[in-house]
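# Coordinate analysis (summary)
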Amino acid sequence: MKLPWERERDRFARAVEDPSPDDDEFRHELDLVGQLRRLGNTATPGPETRERIAAAIEARPVVPPPRRRTRWGPVIAGGLAGLIGIGGLGVALAGDALPGDSLYGMKLAGETATVGLTFDDEARAGKRLDHAGGRLAELRELGGRDAAEFRATLDSFGQAAREGTAELTAVATGTSGAQLTGLRSWAAEQARVLADLRPSVPEGASVAFDNAVVLMDRVDRRAAALAERMSCYQITSGKHDDLGALPATAGCGDGSPPPAVPADPGAPADPDDPALVPVDRPESPTVATPPVDDRPITATPVLVAPSLPAPPVTEAPPPVTRPRPPIMPPPPGELLRLPPLLPGLPEVRVGW
């Protein structure tokens, strides 16, 4: 079944092919078609006109089609995703690699990446110490096969142990110091592992092994010394070495030397006191003795204690003390104020 407009089209086509003088419905349209036919026969361009049109067409500049821009964003993102996937698979496969294996470098690169992506200071120090313990576990598996690999692994152990100790002691001296107990336990465990490894140390690696043993002893003594200073006002001396901050040696008060305690006059004299040791002095020249006054003494004599020389003043470095921020009461109407959680965010105030 044809639609109305299709039937109308067919009627007009029949009228154009076989026009009827009695058909008034399409008279105007048929006259227009006749005029177009007559114009078409008389408006044919000649040879010169055709050549001019062809020359004008050839003179037009050829416009190249627009080039489609390559979108590199998805390509780069896909490539990075592939690399991350391949790298993650490689790190997983290199988890059991030993020094000298082809995947051992990828294992160390993965450990470095995990340390770099850890933003908490205490957690980062713990990862370094865990990696140091992993080096000794590798030496257990490696045995004494290669002295060069044995020395390189011990050097890696020492570097990770020193860096982890320095970071953990910095955190401990700035907080309660509870991390120092765990550090001492870690050093004692590594010392036991080194004692078990001593029979398998190859020739040419004994010096590096002895250095590792001495390093664990230093870590234990440093943690113990800092733990003893945690109750003092001045904890560190302000100086550092490869294990971090050095403990202070002053008294546990305000950092000044303890005051001298006067001797009890009634206490027996100490024969070892350096003040009682006789000292040879040059004889003074003889002076005339004043005449003796035989008058009775009526006033009570006053005994003047000899003045002691002041101790020499030495210039000391400024003490490194635990920060004690002043306690400031909140302003009226404010109950709680929290610092910004992220850079660029406003602080949080409760009670306004």
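Above this note sits the structure.
Residues numbered from 1 in each chain as written. Predicted model: local features only at pLDDT ≥ 70, side-chain atom pairs only at ≥ 80, totals over all residues. Heavy atoms only, no water.

## A short note on the side chain of Gln179
The test is simple: Note on conventions: DSSP H or I runs of at least 4 residues are helices, E runs of at least 2 residues are strands, and numbering of each starts at the N terminus. Here a polar contact is recorded for every N or O atom pair within 3.5 Å, except that within protein the pair must consist of a potential hydrogen donor and a potential acceptor, and residues adjacent in sequence are included only if both atoms are side-chain atoms. Any pair of residues with heavy atoms lying within 4.5 Å of one another is described as a contacting pair.
For Gln179, the position within the fold is in helix H8 (residues 179-197). At a separation of 3.5 Å, a polar atom in the side chain of Gln179 contacts the side chain of Glu122. Every residue in contact with Gln179, bar those within four places of it in the chain, is listed here: Glu122, Leu168, Val171 and Ala172.

## Let's talk about the environment of Ala15
With respect to the element layout, Ala15 can be found in helix H1 (residues 4-17). Residues Ala15 and Leu30 lie 15 residues apart in sequence; the distance between their C-alpha atoms is 7.8 Å.

## So, the environment of Val207
Heads up, the condition is: Working definition: with a 1.4 Å probe on protein chains only, accessible area under 20% of the residue-type maximum means buried, over 50% means exposed, and in between means partly exposed.
In this fold, Val207 is placed in helix H9 (residues 206-228). Note on Val207: relative accessible area 59%, which makes it exposed. Between the C-alpha atom of Val207 and that of Arg151, which follows or precedes it by 56 residues, the distance is 8.9 Å.

## So, the state of the cysteines
To keep things clear, this is the line we draw: When two cysteine sulfur atoms are found within 2.5 Å, that pair is recorded as a disulfide.
According to the stated counting rule, one finds one disulfide in the structure shown. Sulfur-sulfur distance for the disulfide between Cys232 and Cys252 comes to 1.8 Å. Separated by 20 residues along the polypeptide, Cys232 in the loop between H9 and strand E1 (234-241) and Cys252 in the loop between strand E2 (244-247) and strand E3 (320-321) bring together distant segments of the chain. The exposure class of Cys232 is buried, given its relative accessible area of 3%. Since its relative accessible area comes to 46%, Cys252 is described here as partly exposed.

## Points about the packing of H8 against H9
For any two helices packed against each other, one specifies the crossing angle of their axes together with the interaxial distance. This is how the line gets drawn: Here, axes are lines fitted to C-alpha atoms. For helices the fit covers the stretch in contact, and angles between N-to-C directions go from 0 to 180 degrees. Each angle gets one of four labels, with under 35 degrees taken as roughly parallel, over 145 as roughly antiparallel, 65 to 115 as roughly perpendicular, and the rest as oblique. For any pair of crossing helices, the crossing counts as left-handed if the nearer helix is rotated counterclockwise from the farther one by less than a right angle, and right-handed if it is rotated clockwise. Under the scheme applied here, ten amino acids are nonpolar (Ala, Val, Leu, Ile, Met, Phe, Trp, Tyr, Cys and Pro), four are charged (Asp, Glu, Lys and Arg), and all others, including Gly, are polar.
With their axes 9 Å apart at the nearest point, H8 and H9 run at an angle of 160 degrees to one another. In terms of axis orientation, H8 runs roughly antiparallel to H9. Considering only the axes of H8 and H9, their crossing is left-handed. Two secondary-structure elements touch here, H8 through Leu180, Leu183, Arg184, Trp186, Ala187, Gln190, Ala191, Leu194 and Leu197 and H9 through Phe209, Ala212, Val213, Met216, Val219, Asp220, Ala223, Ala224, Leu226 and Ala227. When grouped by side-chain class, the residues that make up the contact of H8 with H9 number 16 nonpolar, one polar and two charged.

Structural measurements only, silent on function.
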